[in-house]
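This is what each chain is made of:
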Amino acid sequence: MTKMVQDRTGSSQPIYDLTFRPDGTQIIAAAGHEVLVYDSMSGELIQALKAHKDTVYCVDYAPDGKRFVSGGADKQVIIWSPKLEGVLKFSHNDPIQAVACNPASSMVVSCSTSDFGLWSPEQKSVSKYKVSSRILAVSWTSDGQCFALGMFNGNVSIRNKNGDEKVRIERGTSPIWSLAFCPSADRDYEVLAVADWSQKLSFFQANGRQIGKDRNLNYDPCCVSFFPSGEYVVMGGSDRKATLWTSEGIRLGVVCERENWVWCCKVKPQQNYVAVGCHDGTIAVFQILFNTVHGLYHDRYAYRENMTDVVIQHLSTEQRARIKCRDFVKKIAVYKDRLAVQLPDRVIIYEVFHDDATDMHYRIKEKLQKKLDCNLLVVTSQHIILCLEKKLQMYNFLGEKEREWTLDALIRYIKVIGGPPGREGLQIGLKNGQILQIFIDNPFPIPFIKQSTSIRCLDLSMGRTKLAIVDEHNTCLVYSTKTKELLYQEPNANSVAWNSEMEDMLCFSGNGVLNIKANNFAPHQQKMQGFVVGFKGSKVFCLHSYSMSTIDVPHSTSLERYIEKKDYVQGYRVACLGVSESDWKRLAMEALENMQLEVARKSFTRIRDLQYIDLIGQIERTKSDGTAVQDIWMGEIMAYSGRYHEAARLFKRGGNPQKAIEMYTELNMWEYATQIAEETNTNREEILKRKAQMQQDQNNLLAAATTYIEVGDYIQAINILGPNGWLDKLIEVVRRLNKAETKSLSRCVHFFRKHNHHAYAAETLVKMGDIGHLLNLHIELQHWDEAFRLAETHPEFNEQIYLPYANWLAANGRYIEAQLNYRKAGRAAEAVLVLEKLTRNAIVEKQFDDVAYYYWMLAMETLEQIPANVEYNELGFKQRQDVVAFYRYQELADVYYAYYFVQRYIDEPFTSHLPESILCMAKFILHFFNKNPVLPRGLSRVYVLYAITKISQSLGTFKFARYAYEKMQALRVPEPWADAIDVGTLIIRAKPFVDNEEHLPSCFQCSSVNPYFNLKGDFCINCMEPMIHSHYSYCNLPLVQFLFDPDISEKEALELIESEKPYDSYARSEDGNTLTEILLKESGDEDYSSRLAGGAGLNPVYMPTRLNRTALMKLDRHSVFIRKWGKASIRNEYYRMARSETRVVMCAVCQRFFLSDEWCYQVLQKGTCPFCRSPMEME
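Q: Is there a simple way to explain the pairing of strand β47 (residues 476–480) in this structure?
A: Where a strand is regular, its side chains alternate between the two sheet faces. In terms of burial, β47 is a largely internal element, five of the five residues being buried. What you see with β47 is no split at all: Cys476, Val478 and Ser480 on one side and Leu477 and Tyr479 on the other are buried throughout. As paired elements, strand β46 (residues 466–471) and β47 share five bridges and run antiparallel to each other. Paired with valine 470 across the two strands is cysteine 476, which belongs to β47. Following β46, the chain reverses through four residues before pairing antiparallel with β47; asparagine 474 in that reversal takes a positive phi of roughly 60°. Taken together, the four bridges between β47 and strand β48 (residues 486–490) define a ladder with antiparallel strand orientation.

Q: I would appreciate a short explanation of the sheet that holds strand β7 (residues 68–72) in the present structure.
A: Note on sheets: strands pair through backbone hydrogen bonds, and any given pair is parallel or antiparallel. Sheet architecture is open: four strands sit in the order β6-β7-β8-β9, paired in antiparallel fashion. Two strands close off the open sheet at either side, each with one partner strand: β6 (56–61) and β9 (86–91). Sheet twist, expressed as the mean angle between neighbouring strand axes with direction ignored, is 15°. In this sheet, β9 lies alongside strand β8 (residues 76–80) in antiparallel orientation, the contact comprising five bridges. Among the inter-strand pairings, valine 77 is bridged to a residue of β9, identified as phenylalanine 90.

Q: Looking at this model, I keep getting lost on the packing of helix α14 (residues 742–754) against helix α15 (residues 758–768). Mind explaining?
A: Between two packed helices, the angle of one axis relative to the other and the distance separating the axes together describe the packing. Axis separation between α14 and α15 bottoms out at 8 Å; the angle between their running directions is 160°. Taken together, the axes of α14 and α15 are roughly antiparallel relative to one another. As for how α14 packs across α15, the hand of that crossing is left-handed. When α14 is examined against α15, the residues Thr742, Leu745, Ser746, Val749, Phe752 and Arg753 are found in contact with a partner set consisting of Tyr760, Ala761, Thr764, Leu765 and Met768. Among the residues forming the contact of α14 with α15, the class breakdown is seven nonpolar, three polar and one charged.

Q: For this particular structure, what's the right way to read the sheet that holds strand β57 (residues 1105–1107)?
A: Read from one edge of the open sheet, four strands run β57-β56-β59-β58, paired in mixed fashion. Sheet topology places β57 and β58 (1120–1123) at the edges, where each strand pairs with a single neighbour. Going from strand to strand, the sheet's axes swing by 40° on average, the running direction of each strand aside. When strand β56 (residues 1039–1044) meets β57, the two strands line up parallel, connected through three bridges. For phenylalanine 1044, the partnering residue across the bridge sits in β57 and is leucine 1107. Packed on one face of the sheet, helix α27 (residues 1050–1058) meets β56, β58 and β59 (1133–1137) and runs near 130° to β56.

Q: Quick question: what am I supposed to make of the pairing of strand β15 (residues 146–151) here?
A: Counting buried positions along β15 yields five of six residues, so the element is predominantly enclosed. Bridge count between strand β14 (residues 135–140) and β15: five bridges; the pairing is antiparallel. Across the sheet, residue alanine 137 finds its bridge partner in β15, namely glycine 150. Two successive antiparallel strands, β14 and β15, enclose a turn made up of five residues, where glycine 144 displays a positive phi of approximately 75°. As defined by bridge partners, β15 adjoins strand β16 (residues 155–160) across five bridges and the pair is classed as antiparallel. Counted as the bridge partner of phenylalanine 147 is arginine 159 from β16. Taking the residues that link successive antiparallel strands as the turn, the β15-β16 hairpin has three residues, and the phi of glycine 154 there is positive, at about 95°.

Q: Please explain helix α1 (residues 556–564) as it appears in this structure.
A: Quick reminder: α-helices carry 3.6 residues per turn. Residues three or four places apart thus point the same way. Turning to α1, its buried residues are Ser558, Leu559, Tyr562 and Ile563. Across the axial projection of α1, the buried residues extend over an arc of 140°, all falling on one side. Where α1 terminates, the next one or two residues include lysine 566, which has phi positive at roughly 60°.

Q: Please explain the nonpolar core as it appears in this structure.
A: Looking at soluble globular proteins, one finds that nonpolar side chains tend to be buried together. Trp856, Tyr896, Ile925, Ile948, Cys1169 and Phe1171 are the most contacted members of the largest nonpolar core, which totals 81 residues. Going through the elements one at a time, α20 (828–844), α21 (848–864), α22 (877–907), α23 (915–931), α24 (941–955), α25 (958–968), α26 (975–989) and α31 (1156–1166) are the ones with two or more residues in this core. The leading source of residues in this core is α22, at 16 residues. Residue contacts for phenylalanine 1171: discarding those within four places in its chain leaves Tyr853, Trp856, Ala893, Asp894, Tyr897, His1031, Cys1150, Arg1152 and Phe1154. Phe521, Val579, Ala600 and Leu615 belong to the second-largest nonpolar core, a separate cluster that totals 54 residues.

Q: Just checking my understanding: could you explain the packing of aromatic side chains for this structure?
A: Centre-to-centre distance and the angle between the planes together describe a pair of aromatic rings. Within this structure, the stated rule accounts for 42 aromatic pairs. The interplanar angle of 5° and the centroid separation of 4.4 Å between the aromatic rings of phenylalanine 604 and tyrosine 612 together place this pair among those described as stacked. Residue phenylalanine 604 shares its accessibility class with tyrosine 612, and that shared class is buried. A centroid spacing of 5.2 Å and a plane angle of 75° characterise the contact between phenylalanine 886 and tryptophan 1125, whose relative ring orientation is edge-to-face. Pair noted here: phenylalanine 886 is in helix α22 and tryptophan 1125 is in the loop between β58 and β59, with a separation of 239 residues, a long-range link. For tryptophan 1125, a relative accessible area of 13% translates into the label buried. One aromatic cluster is present, formed by Tyr16, Tyr57, Trp177, Trp197, Trp261 and Trp263 through successive ring pairs. Here the basic side chain of lysine 484 rests over the ring of phenylalanine 448, its NZ or CZ set 5.0 Å away from the ring centre. The aromatic ring of tyrosine 488 is capped on one face by lysine 517, whose charged end is 4.7 Å from the ring centroid.

Reading the values: rules and limits
Residues numbered from 1 in each chain as written. Predicted model: local features only at pLDDT ≥ 70, side-chain atom pairs only at ≥ 80, totals over all residues. Heavy atoms only, no water. Buried < 20%, exposed > 50% of the residue type's maximum accessible area, 1.4 Å probe, protein only. Helix = DSSP H or I, 4+ residues; strand = E, 2+ residues; numbered from the N terminus. Pairing = 2+ DSSP bridges. Axes fitted to C-alpha atoms, helices over the stretch in contact; angles between N-to-C directions. Parallel < 35°, antiparallel > 145°, perpendicular 65-115°, else oblique. Left-handed = near helix turned anticlockwise from the far one by under 90°. Contact = heavy atoms within 4.5 Å. Nonpolar A, V, L, I, M, F, W, Y, C, P; charged D, E, K, R; others polar. Arc of directions from axis to C-beta. Core = buried A, V, L, I, M, F, W, Y, C linked by side-chain atoms within 4.5 Å. Phe/Tyr/Trp six-rings, centres within 6.5 Å; stacked < 30°, edge-to-face > 60°. Lys NZ or Arg CZ within 6 Å of the ring centre and 35° of its normal.

Below is the structure:
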């Protein structure tokens, strides 16, 4: 369907947007000043809606079908009913660029050049939100929780349904002209397709993470639309085409070519129709047909899926293998272990990886880098053959054309019939009714059969003695390949296949019926939809629509006809293809009654009827030695058929009552055996002994063991079951034994351990009550889960587990877990050694972030060794060393953590930190270096100074840069840096001698401006207040440490801080004093006040501010942070916020400080604290 939209003057009106009604019956198009409604099937114009006063730019239909929306240059958004009546109108301040209806609710989002609005029937007004750039496109997620905005500045903004931005994707400066979320709800995550005017197509998750790489389009895209299933995407733009892509970004082909730009294209709901709107005013609807591309050889079936994948299915075993070609699959051919796949510009040959007939692992054998056109494709062991109308072309796997055949008529069917590698034969059916045979090493076709009707399909029987053909009149004709004589024909056939396991059996399908024909018997019919493509044994392979199915067909009817004919040999061959057990039984009994002993034996073997197999053997032996007695023979038959009493009567009449006793003995019918034994004066005990002896003589040891169990001789049963590994039976013996019989139970444990059956050995030990040996068994076998479960019920054995478990973890490289278990085992020294070894290795490998993490863990491990409720003065020498080590490890963790980012900045081209952050990190490390002349292992003073020189000049901290250059003059620098450092030293001399004032830090306690780098240390030069840093950007945080008066306990201080405050407790007082000044005035700390006023010279030792009760009550509990380590010997540290407008977060585990934005970003990105890696959740 194609329609041209024109205005009254005859000028074409561009189709800027269109959409389908959800039931697919109507197309809504934005054309000029009107909204046009068309019948999607006939193309007739239903109505032109003229409510807009200017050009209509966008339309969208709600998925529930209750409304559709339009918007345009007149700044109006109109809600329409399905009856094509205007329901509601609202406006924006600028032209409407895009509208979209929520798929899960009645909400509508409308977008203009300066804002977007959210409307729903439940709210009285439209909620509008300003944006920084023009919005060009909008799309909702499949669940309706979020929508994406495509912006003119190249950004994609993903927002929730409240309008709040959750994710921003920066794509550059090219406008995002179109985007669309995948409408399918079956995916694990939402997929967003983005097309921008940098001529690229990209896919993203809703969290902003890109899926795969950008796809170059080489044209400006104007529209992108998903199929309802989400498998395919259709696009249009400046190339004047509508193009089909997969949802993975693989281009499949062109849907249509138009005369002008394609502004919009939409897929019809639940159908493969695409509507395309162009700049020249044309609306066209195209149907996309996905043909079946497949190949079959015996029970290997390969077919195309999702247009780019090849699925190989073993029809007998139901195994599947998938090959992702990542390109449009045009043709598929299968032959033995070969698979040929034709792509647009090449043919790939695969082979099976192993020789196993059921193996489904394929690997690439060759690639033919040629663009080849063909109607049919077949593959052989060493060649591919392409059929093009009347021609056959043969190429080897190197892409060389070896032979070409030109035939007299169009080729309708081609089949590889096998042969030696490189000499295979082809059976070819032509439209003129001729059937040819071609051997690929022979340039001359061999005429085979000529008939008057065109060939539809053909197949050759297993022994190649018969050829079945289906012609254009739906007739199945069977010829003899030797005499070329027509043997028989059957009507109503559209496909035919010979059974690959029996010469005289074929099947054909037609009119919804499957026909199975054996020999010259009448066909057996059953219902079936589709076409027969293969027949193997009792399985018929049927192709219906786009799917291949396997149908199990019993051959009971054919077997019955062979039995009626008394042709038991052929009947046996039919039965081998697949019949029920009762059919096998009938065939065997009929053959036995008619003395066809060979067929009877093989038939009984098929159903594993050993009794009848033995019977046939006995009959053959008695016939051969001439001792056959009719009553004895008939008695055997009666016994084997289950008529035991009649058999016993015949045995007695035949003069052999002992045979009746043996029969009852073998059947375990001991009461009848005893009765006959009494008649013959035989002791019952002798029968039982004979039974056991017979079972042992027949090597039926399991039955013998069962007999011993029945009579209570458990030792004999154990000695039989244990050596033979019959552990299931042996555990039954264990369950019968009394727990006091330790000798027998210990013998069972020995056999269970010998055969590595841990569960039974454990059960036996539990019965014996030997928990210690049971635990040792778990530990010896390294069954740690069972060992710990056992320890849960017997906690006295806990310590016995942790040490071997920790040793096992360490031996398997799981050092962190090993360290935890060493601690549980009370081996603190081993736990520390593991961490120290990890730290040394990480330093050697320059994994400085891991070094920081391990030092932090060492600090925590050392903290565990410090008593909780003992004051520092009461600690012993070793415990005081642990306190010192705790602080030292914490300090090293901080330094190595900062050094990790500085080292990455120097060695790697990219970093996620800003230059200001890297400079702050380098300054932090340099303070540490100045305080510690002996540097820790792995840290380089040159790296830090070089990073300072690289960043300082660009930020204007020239004094700091000059200091770094001066320090590097006395150090050995890497050769590649020498020239740059020399040049930088000269350049810095021309710069000012001061640092840029905007980078000079201010003290948050006394508000003094500090030099950028304080040579004395990382504290304020006036009040000596230490600088507190964020552990992400290392910028100074507005945190000030404080103490409280000695007469105030910690409990009271916390109650004062937690008390209710006036709402303006952070506001300035009437005389303009800051919170710091108010607190100092309230606290009465004269020493600290003098330091704030007169500098640190009067009191060179830093002491935090002391606050009294009045000052503590003025503190907001949300602005106070407390570092608690849970040890009386390590004092808690109290910090307060000096600025309420800055938000700070403290990690609850490592107790490091972060800016709130930095913390949220890191936790959202990684789910853990960036410093201590402890799992965190956003609150």
